[in-house]
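For reference, the chains in residue letters:
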Amino acid sequence: MYDPSQLRTFLAVAQTLSFTQAARRLGLRQSTVSQHVRRLEDATGRQLFSRDTHSVELTEDGEAMLGFARRILAVHEQATAFFTGTRLRGRLRFGASEDFVLTRLPEILEGFRYDHPEVDLELTVELSGTLHEQLAAGRLDLVLAKRRPQDPRGALVWHDKLVWIGAERLRLDPDRPVPLIVYPPPGITRARALEALENQGRAWRIACTSGSLNGLIAAARAGLGVMAHSRSLVPPGLVRIPERAGLPELGEIDFVLVHGDRRGPAQNAAQALASAILAGGDRLHRRQVPGAGPAAPFSAAGAGM
């Protein structure tokens, strides 16, 4: 009833909330993306997106279709692998940025391990800037991280806005330097925060530095200062700093998948994992649900899985 190519297109639009971005990710014309969505809506008899010239949003039926589409595609790929006899093997060195510590990325990795049990998945959790450096040095095969400014590489997983966050009780004194909670260099959000404050001419000081997201969250919850963070991934216990605080705009950020240059089995495994992440990318916007799995599934570089 449901064409896999149409379901993949639907997921790409749902994750990017943009027909243009979905077309770029899939290597299709925008008219083809629109056609796929229209045919899927015809097949379901429901409207999956509400859209106008300025925005694209999932309807309630579209939200329901997300889960169905992921499961249908997963079973389709399992059946294809079984009957074609293509079993992935080898070692895959995958790097994920600290931003995903509290999301549902572990569910995607668990599904990948189930589908490809003969792939030895080696996980590294680090700062986005560090992961890009390790990828360039040939020490990783696939990276899921924030994209550096003006860097065209990578398949877009989702586009987001950076915002200032902190403890709800925190009050900033406009006559004193802004207390910052930041990653160490080469943190991408650190660089963005410092640049925005410098451009505004606002004084600042480093109140806390930590290479761990959990460390930054603890400092922010303690009211030590503010931090730049993805709007979609604001941790529990923290809130956006109101505009009346006068902090500068931080701009937007892309989360992307970037492949390494290693050929052979690793390349095939990296492509399979990239496809799984792109298919389930909407889950990366959501935090772990209590009782649904470990609260902090990974937090150290070089963790093996």
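As a starting point, this report considers the structure included with it. None of these values were measured; they are calculated from a predicted model. The residue numbering used here restarts from 1 in each chain and proceeds along that chain's sequence as written. Only residues with pLDDT of 70 or above have their local features reported here, since the model is predicted, and side-chain atom pairs are shown and tallied only from 80 upward, although totals for entire chains, interfaces and linings are computed over all residues. Excluded from the side-chain calculations are hydrogens and water; all other atoms, namely the structure's heavy atoms, are used.

1. Regarding the overall build of the chain
Part 1: Across its full length, the chain carries 9 helices and 11 strands.
Part 2: For 305 residues, the compact-globule estimate of 2.2 N^0.38 gives 19 Å, and the chain sits close to it at 20 Å.
Part 3: Considered along the principal axes of its C-alpha atoms, the chain spans approximately 65 × 45 × 40 Å.
Part 4: Relative accessible area decides the class of each residue, using a 1.4 Å probe on protein chains only: under 20% of the type maximum gives buried, over 50% gives exposed, and in between gives partly exposed. Split into buried and exposed, the 305 residues of the chain put 47% on the buried side.
Part 5: When checking whether two residues touch, look at their non-hydrogen atoms; a contact exists if any pair is within 4.5 Å. Here the analysis covers contacts within the chain between residues at least 6 apart in sequence; of these, 78% occur between residues at least 24 apart.
Part 6: Methods summary: accessible areas were calculated by the Shrake-Rupley approach with a probe of 1.4 Å, and residue burial reflects only the protein chains presented. Accessible surface, the chain as shown: approximately 15000 Å² in total, 49% of it carbon and sulfur. The numbering of helices and of strands both runs from the N terminus, where a helix is a DSSP run of H or I of at least 4 residues and a strand a run of E of at least 2. Radius of gyration means the value over C-alpha atoms here, while the globule rule gives 2.2 Å times the residue count to the 0.38 power.

2. Digging into the nonpolar core
One broad trend across soluble globular proteins is that nonpolar side chains are buried collectively.
Part 1: We define the nonpolar core as a collection of buried residues of types Ala, Val, Leu, Ile, Met, Phe, Trp, Tyr and Cys that are connected through side-chain atoms lying within 4.5 Å of one another. Counting 61 residues, the largest nonpolar core has Phe94, Leu105, Leu144, Trp164, Leu273 and Leu284 as its most contacted members.
Part 2: Setting aside anything within four residues of it in sequence, one finds Leu284 in contact with Phe100, Thr103, Leu105, Ile108, Leu144, Val157, Trp158, Leu233 and Ile277.

3. Quick look at helix H9 (residues 265–279)
Part 1: Multiply 1.5 Å by the residue count of a helix minus one, and that product is the helix's expected span. Its 15 residues give H9 an end-to-end C-alpha distance of 21 Å, which sits within 8% of 21 Å, the value for a rise of 1.5 Å per residue.
Part 2: When H9 is considered as a whole, its buried residues turn out to be Ala266, Ala269, Ala270, Leu273, Ala274, Ile277 and Leu278.

4. Side note on the environment of Leu156
Part 1: Checked against the element boundaries, Leu156 lands in strand E6 (residues 155–166).
Part 2: When its relative accessible area of 9% is taken as the criterion, Leu156 is described as buried.
Part 3: Residues Leu156 and Ala219 lie 63 residues apart in sequence; the distance between their C-alpha atoms is 31 Å.

5. Section: the side chain of His132
Part 1: Inspection of the secondary structure assignment puts His132 in helix H6 (residues 128–136).
Part 2: Apart from residues lying up to four places away in sequence, His132 is in contact with Ala145, Lys146, Arg147, Arg148, Arg153, Ile188 and Val258.

6. Describing the packing of helix H5 (residues 105–115) against H9
Part 1: A fitted line through C-alpha atoms represents every axis, and for helices the fit uses only the stretch in contact; the resulting angles, taken between N-to-C directions, go from 0 to 180 degrees. Interhelical geometry of H5 versus H9 gives an angle of 135 degrees and a closest axis separation of 10 Å. Considered as vectors, H5 and H9 are oriented oblique to each other. Crossing angle aside, the handedness with which H5 passes H9 is right-handed. Counted together, Ile108, Leu109 and Phe112 of H5 and Ala269, Ala272, Leu273, Ala276 and Ile277 of H9 form the full contact between these two elements. To sort the angles, those under 35 degrees are grouped as roughly parallel, those over 145 as roughly antiparallel, those from 65 to 115 as roughly perpendicular, and the leftovers as oblique. Each crossing is labelled by how the near helix is turned from the far one, with a counterclockwise turn of less than a right angle marking it left-handed and a clockwise turn marking it right-handed.

7. Points about the packing of helix H2 (residues 19–26) against helix H3 (residues 30–44)
Part 1: Where H2 contacts H3, the two axes come as close as 8 Å, and the packing angle between them is 105 degrees. The pairing of H2 with H3 is recorded here as roughly perpendicular in orientation. Each of Phe19, Thr20, Ala22 and Ala23 in H2 lies in contact with H3, whose residues at this interface are Gln30, Val33, Ser34 and Val37.
Part 2: A per-class count over the contact of H2 with H3 returns 5 nonpolar, 3 polar and no charged. Any residue outside Ala, Val, Leu, Ile, Met, Phe, Trp, Tyr, Cys, Pro, Asp, Glu, Lys and Arg is labelled polar, Gly included; the first ten of those are nonpolar and the last four are charged.

8. Examining the packing of aromatic side chains
Each aromatic ring pair is summarised here by two numbers: the centre-to-centre distance and the angle between the ring planes.
Part 1: The pairing test for Phe, Tyr and Trp rings, Trp by its six-membered ring, is centres within 6.5 Å, and the orientation test on the planes gives stacked under 30 degrees, edge-to-face over 60, and tilted for anything in between. Inspection of the entire model under this criterion finds 5 aromatic pairs.
Part 2: Ring geometry for Phe100 against Trp158: centres 6.0 Å apart, planes inclined by 80 degrees, an arrangement best described as edge-to-face. Taken together, the positions of Phe100 in the loop between strand E3 (90–97) and H5 and Trp158 in strand E6 put the pair 58 residues apart, joining distant regions of the chain.
Part 3: Summarising the aromatic geometry, the rings of Phe100 and Phe255 are spaced 5.7 Å apart at their centres and angled 70 degrees between planes, so their arrangement reads as edge-to-face. Within this pair, whereas Phe100 is found in the loop between E3 and H5, its partner Phe255 is found in strand E11 (residues 252–259), the two being separated by 155 residues in sequence. For the pair Phe100 and Phe255, one class covers both residues: buried.
Part 4: Aromatic ring contacts, followed pair by pair, group Phe10, Phe19 and Phe49 into a single cluster.

9. What to know about the pattern of salt bridges
Part 1: Any Lys or Arg side-chain nitrogen located within 4 Å of an Asp or Glu carboxyl oxygen qualifies as a salt bridge. Tallied over the full model, the rule gives 9 salt bridges.
Part 2: The residue Lys146 makes a salt bridge to Asp99 at a minimum N-O spacing of 2.6 Å. You can see Lys146 sitting in strand E5 (residues 142–146) and its partner Asp99 sitting in the loop between E3 and H5, a full 47 residues away along the chain.
Part 3: A salt bridge links Arg231 to Asp160, with the shortest nitrogen-to-oxygen separation between them at 3.9 Å. One end of the pair, Arg231, is in the loop between strand E9 (227–230) and strand E10 (239–240); the other, Asp160, is in strand E6, with 71 residues separating them in the sequence.
Part 4: Asp160 gets classed as buried once you look at its relative accessible area, which sits at 3%.

10. Observations concerning unusual backbone geometry
Part 1: With omega at 10 degrees, the peptide bond leading from Pro185 into Pro186 counts as cis.
Part 2: Note on placement: Pro186 falls in the loop between strand E7 (178–182) and helix H7 (188–200).

11. Brief notes about the pairing of strand E4 (residues 119–126)
Part 1: For two strands to be treated as a pair, DSSP must find no fewer than two bridges joining them. Pairing analysis gives 8 bridges linking E3 to E4, with the strands arranged parallel. Looking at E4, one finds that Phe94 is bridged to Leu123.
Part 2: Here, the term right-handed applies to a crossover whose path from the first strand over the helix to the second runs clockwise when the strands point away from the viewer. Each parallel crossover has a hand, and the one from E3 via H5 to E4 is right-handed.

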